[in-house]
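Chains, contacts and geometry: an overview
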Amino acid sequence: MPARNILVINCGSSSIKFALVNEDQPQFVLSGLAERLGSPEAELHWQRGADKDSLMIPGADHRLALAQLLPLVQSAAGGQLHGIGHRVVHGGEHFTTACRLDELTLTAIRATAPLAPLHNPANLQGIEAAMRLFPELTHVAVFDTAFHQSMPEYAFRYALPEVLYREHGVRRYGFHGTSHRYVSQRAAELSDLDYGHSSWLVAHLGNGCSTCAVVDGHSRDTSMGLTPLEGLVMGTRSGDVDPNLHSHLARTLGWSLERIDALLNKESGLLGLSGLSNDMRSLEQAREQGHAGATLAIEVFCYRLAKSLAAMACALNQLDGLIFTGGIGENSALIRSQTVAHLKLLGLALDPQANAKTVRGAAGPIQAAGHPRVLVVPTNEERQIALDTLELLDH
Ligand code: ADP
């Protein structure tokens with residue numbers, strides 16, 4: 001049987017990220033981004049091998065952008081497209097694994113929209129457009145939350161009256177599940193361990209950041225909660241704050257819920273602390289030049305990350321390794337070393353040379369000799385979504 005091709009689609013409210021994944025090829029056959037959809041500046045960018053190209057698609061919505069993509073995908077796949085995998089942010093408690101998309105599963109995804117009002121409706125827009133354009137193909141939804149459905153109740157419940165959980169779904173769900181699963185599986189492979197009998201701490205550090213405890217191939221706890229705001233310091237998100245901050249700001253400054261929402265999600269995190277940027281590369285450069293805000297933002301980021309990892313260690317009986325991934329985790333030797341410096345009690349220590357050279361897509365161990373394993377593992381959510389889609393095609 002020739003190697004199969006899966007198109008992976010990730011729809012935001014005004015963008016579509018896509019990748020054509022061939023099951024036998026490590027690199028994407030085609031990948032790209034349609035952005036500013038719905039505006040006169042809508043544009044499609046794509047890359048095939050070393051070739052890059054783009055096309056203005058003024059006024060295009062999700063459906064028109066996908067229609068423009070169609071010939072590109074068909075040509076790159078040599079007319080052999082076998083299925084489409086869709087990233088969906090929230091699967092609520094209904095979805096514990098990936099699922100085939102049909103009327104029943106679409107209805108269940110629509111029902112979770114109140115839990116992710118910014119993301120799920122945009123994901124659905126893309127799914128519906130793609131299903132109309134490719135009606136003959138199998139469409140699969142892969143959820144950011146599904147991997148964390150294995151958390152025990154004592155890890156996913158908030159200390160709130162039960163009625164909020166039972167009737168309104170207020171609980172911890174966790175996100176980035178596709179990435180935590182992919183990198184923990186890869187870590188076991190790289191370490192010659194059986195994934196089904198191994199224990200990992202994972203730090204996914206991109207614009208959004210979360211930690212996860214993975215035991216025997218299952219998530220046992222994670223730092224994000226009801227929404228992706230809980231937990232670590234992120235690019236523009238505050239992570240954990242005292243929940244009374246809301247009423248404090250409302251009472252003392254007269255701020256509305258919308259204002260507080262924007263503050264915590266868009267103006268806080270690395271950006272708020274540094275007063276400079278949400279981008280770790282810029283902060284590292286500014287720190288080199290002695291910028292006090294950037295220096296503090298990095299210190300808070302690493303300390304809070306270490307605290308979260310130490311807390312996640314409660315879910316493990318043994319530690320087979322700590323994994324760094326995401327744009328920051330894969331590239332920043334500084335963040336890795338500052339974080340691990342706070343984790344001496346777990347016995348962790350890095351080899352400075354291995355740490356410095358394991359960047360830009362390299363994978364491998366970076367711990368000092370004789371200390372517990374620390375791995376850098378580049379994430380690949382698109383490949384994991386394609387693998388899940390292939391698995392459903394096979395069954
Ligand atoms: P997203 O969550 O949007 O997928 P990424 O995983 O690409 O984001 O991560 C983006 C973050 O990674 C940014 O803060 C960026 O500055 C950081 N990053 C990328 N390369 C480096 C680098 N060489 N050193 C430090 N940080 C980096």
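From a predicted model like this one, the values you see are computed outputs, not experimental measurements.

Reading the values: rules and limits
- Residues numbered from 1 in each chain as written.
- Predicted model: local features only at pLDDT ≥ 70, side-chain atom pairs only at ≥ 80, totals over all residues.
- Heavy atoms only, no water.
- Pairing = 2+ DSSP bridges.
- Helix = DSSP H or I, 4+ residues; strand = E, 2+ residues; numbered from the N terminus.
- Contact = heavy atoms within 4.5 Å.
- Axes fitted to C-alpha atoms, helices over the stretch in contact; angles between N-to-C directions.
- Near = heavy atom within 4 Å.
- Polar contact = N/O pair within 3.5 Å; in protein donor to acceptor, adjacent residues only side chain to side chain.
- Nonpolar A, V, L, I, M, F, W, Y, C, P; charged D, E, K, R; others polar.
- Core = buried A, V, L, I, M, F, W, Y, C linked by side-chain atoms within 4.5 Å.
- Buried < 20%, exposed > 50% of the residue type's maximum accessible area, 1.4 Å probe, protein only.
- Arc of directions from axis to C-beta.

Ordered in space as E11-E10-E9-E12-E14-E13, the six strands form an open sheet in which the pairing is mixed. Taken across any chain shown, the strands that pair with only one partner, and hence form the sheet edges, are strand E11 (218-222) and strand E13 (364-365). Sheet analysis places strand E9 (residues 199-205) next to strand E10 (residues 209-215), joined by seven bridges and oriented antiparallel. Opposite Leu205, over in E10, you have Cys209 as the bridge partner. Packed on one face of the sheet, helix H13 (residues 333-340) meets E9, strand E12 (321-325) and strand E14 (374-376) and runs near 150 degrees to E12.

Another aspect to go through is the site of the ligand. In the vicinity of the ligand, the residues found are Gly206, Asn207, Gly208, Asp279, Met280, Arg281, Glu284, Gly326, Gly327, Ile328, Asn331 and Ser332. Contacts to the ligand include Asp279, whose side-chain N or O atom sits 2.7 Å from an oxygen atom. With respect to the ligand, the backbone of Gly327 contributes an N or O atom lying 2.9 Å from an oxygen atom. Looking at the shell around the ligand, the elements with two or more residues in it are helix H10 (280-288) and helix H12 (326-331). Ranked by residues supplied to the shell around the ligand, first place goes to H12 with four residues. Here the shell around the ligand is built from residues that sort into two nonpolar, seven polar and three charged.

Take the nonpolar core next. In summary, soluble globular proteins display a tendency toward joint burial of nonpolar side chains. In terms of nonpolar packing, the biggest core is built from 39 residues, with Leu205, Met280, Phe301, Leu305, Leu322, Phe324 and Ile335 touching the most fellow members. Elements represented by at least two residues in this core include exactly E9, E10, H10, helix H11 (292-312), E12, H13 and E14. Of the residues forming this core, the biggest block, nine residues, is contributed by H11. Contact partners of Ile335, with chain neighbours within four places excluded, come to Leu205, Met280, Glu284, Ile298, Phe301, Cys302 and Ile328. Cys11, Trp46, Ala130 and Phe134 belong to the second largest nonpolar core, which has 28 residues in total.

Looking now at H10. Structural remark: α-helix, 3.6 residues per turn; residues separated by three or four positions point the same way. The set of residues buried in H10 consists of Met280, Leu283 and Ala286. In a view along the axis of H10, the buried residues occupy a sector of 120 degrees, so they form one face of it. In this structure, H10 carries Arg281, Gln285 and Glu288 as exposed residues pointing more than 90 degrees from its buried face. Gly290 sits one or two residues past H10 and shows a positive phi near 85 degrees.

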